[in-house]
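Reading the structure
Chain residues, written in single-letter form:
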Amino acid sequence: MKHIILFGPPGSGKGTQAELVANKFNLKHLSTGDLFRHHMKVKNSLGLKARSYIDQGLLVPDDVTTAMLEDFLPENDQPEAGIIYDGYPRTLQQAISLDELLERFSLGFVNTAFSFCVPDELLIKRLSLRGKTSGRSDDIDLGVIRKRIAEYYKKTAPLSEYYRKKAILTEINAKGNIEEIALSLELEIRRLSI
Ligand code: ADP
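Okay, so let's go over this structure. (Residues numbered from 1 in each chain as written. Predicted model: local features only at pLDDT ≥ 70, side-chain atom pairs only at ≥ 80, totals over all residues. Heavy atoms only, no water.)

Some thoughts on helix α3 (residues 45–54)
The criterion, for reference: Between buried and exposed lies partly exposed: a residue is buried under 20% and exposed over 50% of the maximum accessible area for its type, with that area taken using a 1.4 Å probe on protein chains only. Helix and strand assignments come from DSSP, with helices taken as H or I runs of at least 4 residues and strands as E runs of at least 2, each series counted from the N terminus. The arc under discussion is defined with respect to the helix axis, by the directions toward the C-beta atoms. Contacts between residues were defined by any pair of non-hydrogen atoms, one from each residue, lying within 4.5 Å.
Burial in α3 covers these residues: Gly47, Ala50 and Ile54. Angular distribution of buried residues about the axis of α3 spans 70 degrees; they occupy a single face of the element. Exposed and oriented more than 90 degrees from the buried face of α3 are Ser45 and Leu48. Buried residues along α3 sit in contact with α2 (32–41) and α7 (142–156).

Have a look at this one:
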């Protein structure tokens, strides 16, 4: 089973690309952001808990997020295909938990991690534009957008080092348009033969 990780700052386009890659390579798309938004919409206890962090632009605590992944994995273990991870892991602890869970469920290991690189000004521009149509409360307030970007640099960016040490990190220039980025991802996935 293949495991492909996409990580990058908010607004770097991981969600859009994860969906395109999932369709092209027949992978299951795991978006922890979408899962949280689903729980928030139905207002269950996980949703209420997540909202208190998401609305402030903070990451949801690792134990809450990893418990969600622990439920997701056994329900999606189709050995012939694989999973594309969009928004998990977002901290070093989550990266370690993912490795442990894959081992515990005998699902293989992380094949590759793509780090999306985009300058901050462009992120802010994209997120503010998305806020006008997405209905996402965390895309509207500029303070929340800045907080999310700061959280990324503090907690998620160190994943580069973690995956570089395992020799499975690939950096993707994600400044261009959707088609250009999709093409470079596709070429990389084929080049890596995963
Ligand atoms: P974006 O990439 O634009 O921030 P997402 O939909 O991926 O959007 O995530 C929205 C929010 O959900 C994040 O700002 C964070 O609060 C929460 N979230 C998503 N994934 C995780 C995770 N793995 N760990 C902690 N919080 C998460």
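Comments concerning the side chain of His3
Defined as follows: What qualifies as a polar contact is a pair of N or O atoms within 3.5 Å, subject to a donor-acceptor requirement within protein and to the restriction that residues adjacent in sequence count only when both atoms come from side chains.
Looking at the element boundaries, His3 is found in strand β1 (residues 2–7). In this structure the side chain of His3 is engaged in a polar contact, spanning 2.7 Å, whose partner is the backbone oxygen of Leu107. Every residue in contact with His3, bar those within four places of it in the chain, is listed here: Ile83, Tyr85, Leu102, Leu107, Gly108, Phe109, Val110, Asn111 and Thr112.

Concerning the packing of aromatic side chains
Our working rule: Two rings belonging to Phe, Tyr or Trp (six-membered ring only in the last case) form a pair when the distance between their centres is within 6.5 Å. Interplanar angles under 30 degrees mark stacking, angles over 60 mark edge-to-face geometry, and anything in between is tilted. Whether a charge sits over a ring depends on NZ of Lys or CZ of Arg being within 6 Å of the ring centre and within 35 degrees of the ring normal.
Considering all chains together, one arrives at three aromatic pairs under this definition. Ring pairs connect the aromatic residues Phe7, Tyr162 and Tyr163, which therefore count as one cluster. It is Arg104 that lies over the ring of Phe105; its NZ or CZ is 5.4 Å from the centre.

Description of unusual backbone geometry
Residues apart from glycine generally show negative phi values, whereas peptide bonds are mostly found in trans. Here the residue pair Tyr88 and Pro89 is connected by a cis peptide bond, since its omega of 0 degrees sits within 30 degrees of zero. Position of Pro89 among the secondary structure elements: in the loop between β3 (82–86) and α5 (92–104). Although it is not a glycine, Asn26 sits at a positive phi angle of roughly 55 degrees. When you line up the elements, Asn26 lands in the loop between α1 (14–25) and β2 (28–31). Within the chain, Lys43 stands out as a residue other than glycine whose phi angle is a positive 55 degrees. By the secondary structure assignment, Lys43 is in the loop between α2 and α3.

Digging into the pattern of salt bridges
Going by this rule: Whenever a carboxyl oxygen of Asp or Glu lies within 4 Å of a side-chain nitrogen of Lys or Arg, that contact is scored as a salt bridge.
As enumerated under the stated definition, the model contains 15 salt bridges in all. A salt bridge links Asp99 to Lys166, with the shortest nitrogen-to-oxygen separation between them at 3.4 Å. Of the two residues, Asp99 is situated in helix α5 and Lys166 in the loop between α8 (159–165) and β5 (169–173); the sequence distance between them amounts to 67 residues. Look at Lys166 and you get partly exposed, because its relative accessible area is 42%. Through salt bridges with shared partners, a single network forms among Arg130, Arg136, Asp138, Asp139 and Arg148.

Let's talk about the site of the ligand
Note the threshold: Residues are labelled near a given molecule or strand when at least one of their non-hydrogen atoms is within 4 Å of it. Here the term charged refers only to Asp, Glu, Lys and Arg, the term nonpolar to Ala, Val, Leu, Ile, Met, Phe, Trp, Tyr, Cys and Pro, and the term polar to all other amino acids, Gly among them.
In the vicinity of the ligand, 20 residues are found, and the nearest of them are Lys14, Thr32, Arg37, Leu58 and Gly87. At a separation of 2.8 Å, an oxygen atom of the ligand approaches a polar side-chain atom of Arg37. Among the elements that line the shell around the ligand, the one with the most residues is α2, at four residues. Each residue belonging to the shell around the ligand can be placed in one class, and the counts come to seven nonpolar, six polar and seven charged.

So far we have only geometry, and geometry alone does not tell us how the molecule works.
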